[in-house]
Amino acid sequence: MSPASTGASTAVGAVATVPSSASAVSGVSRADSDSRMAPGGPGYRRMSLALFLAGVATFALLYSTQALLPLISGEFGVAASEASWTVAAATGGLALFVLPMSALSERYGRRAVMTASLAVAVGVGLLVPFAPSLGWLVVLRGVQGAALAGLPASATAYLAEEVRPRALVTAIGLFVAGNSVGGMSGRVITGWVAQEWGWRIAVGAIGVLAVACAVAFRLLLPTPRHFAPGSLRPRVLARTVRAHLSNPLLCRLYAIGALFMTVFGGVYTVIGYRLTEAPFSLPQGIVGSIFLVYLVGTVSASTAGRLVGTLGRRGALYLAGGTTATGLLFSLADSLPLVLLGLVLITAGFFAGHAVASSAVSKTATTGRAQASALYQSAYYIGSSAGSTVGAIAFHAGGWAGTVGVGVLAVLGVVTITVFGTRAARRQTLLAAG
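Residues numbered from 1 in each chain as written. Predicted model: local features only at pLDDT ≥ 70, side-chain atom pairs only at ≥ 80, totals over all residues. Heavy atoms only, no water.

Glancing now at the packing of aromatic side chains. The full count for this structure, using the stated rule, is 11 aromatic pairs. With a centroid separation of 5.9 Å and 20° between ring planes, the pair formed by Y376 and Y380 is classed as stacked. Residue Y376 and its partner Y380 are located together in helix 19 (residues 369–398), separated by four residues, close to a single helical turn. For Y380, a relative accessible area of 1% translates into the label buried. Three or more aromatic residues link up through ring pairs in this structure, and these residues are F264, Y268, F291, F350, F351, Y376, Y380 and Y381. The positively charged end of R107 is found above the aromatic ring belonging to Y108, 5.5 Å away from the centroid. (Phe/Tyr/Trp six-rings, centres within 6.5 Å; stacked < 30°, edge-to-face > 60°. Helix = DSSP H or I, 4+ residues; strand = E, 2+ residues; numbered from the N terminus. Buried < 20%, exposed > 50% of the residue type's maximum accessible area, 1.4 Å probe, protein only. Lys NZ or Arg CZ within 6 Å of the ring centre and 35° of its normal.)

This is the structure:
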């Protein structure tokens, strides 16, 4: 498959291996001369576990209020569209600050920025339960999202620098799998805790979980060996960002990430309202347990590397989009088993698509990797904020069918962009042959 079809650059090989001339003369293999981490090698397991736990903490904190929106609506007397701002503010804060934080990681190091991000986000998370009003809750959530911004882009840049290229998709898939576990555990824990003690105690419990993950992350993550400090000069940053945004391959991947997250953000912001209302009328604890379907996302994200190896990136994106769309249609049924099946398919498709697109961004960018990843994360979380807000508005206007309609349009966008990439690849092939 041509890399142009999904936004992967033909320059990937430029960063894939960096053999020394001595190695070439002596006959040592490229894999042996590459000092970066690989499965089974020193530090790889510690690194994988550390970033997995960072992913758990990130998604648990970022979406800690999502399963609790009906309770928050009840306490403050607001509609779903207003309560959804407690989710949109966090993801929006992350989207706005991920690029500046990635610039700091270029100067001060990936591990330092990730550690600081988690520390601040955890501290704010322990204050969230004491918010006196919806306005203060939204403000605290916005600050928390901004603090978390240093982690996603820094993590993928760290992996691109410290892990061998052949293992990169798998390594990023494990980080994304941590996201899915964090999203799942946060929602399940908050659902059951809130049923007994209210939403404030529930988000406090997530804060305590995040503290444990943050401490373990800092103790486990190996010291970077291939990081080279960059410049904080605004002109340098602007030039790097401009170069990434002028790359049509990267721009397609950014759009794909945003559209996948629009679906996911809308569905999981609104699903709690749907399941607590007729004909389901489920209690809060059971609604929280619905998020166990995130385990499917853990599997689909961690196997994204094999999926790309079998189908290619373009084929993997088609499969992810088709799976997501099928899940949306199943979720329209007034049958709980079919709704659950729909959520399973939506979750599997989303996490697979996200892992494929984000890893392609890391491989495409040969310079300014943190900024390239930050732009992807920014687009991704803008999609989350848009999905949360528009999905809630659509639900208020047209019920669950309205939210599904928003999701289907977003999936059609993913397919359209991928088809455009396919045609671009064919044109390049014909030009090369001619």
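What follows continues from the structure just given.
Once that is clear, we can look at the pattern of salt bridges. Tallying each qualifying case throughout the model produces three salt bridges. Between R110 and E161 there is a salt bridge, with its nearest N and O atoms 2.3 Å apart. Highlighted residues: R110 in helix 8 (residues 110–127) and E161 in helix 10 (residues 150–162), separated in sequence by 51 residues. By relative accessible area, which is 11% here, E161 ends up buried. The partner of D334 in a salt bridge is R274, and the shortest N-O contact between them spans 3.3 Å. A residue pair is termed long-range when its members are at least 10 positions apart, and D334 in the loop between helix 17 (304–330) and helix 18 (336–364) and R274 in helix 14 (residues 248–276) qualify at 60 residues. Residue R274 is classed as buried on the basis of its relative accessible area of 8%. (Salt bridge = Lys/Arg side-chain N within 4 Å of Asp/Glu carboxyl O.)

Keep in mind these values describe shape, not function.
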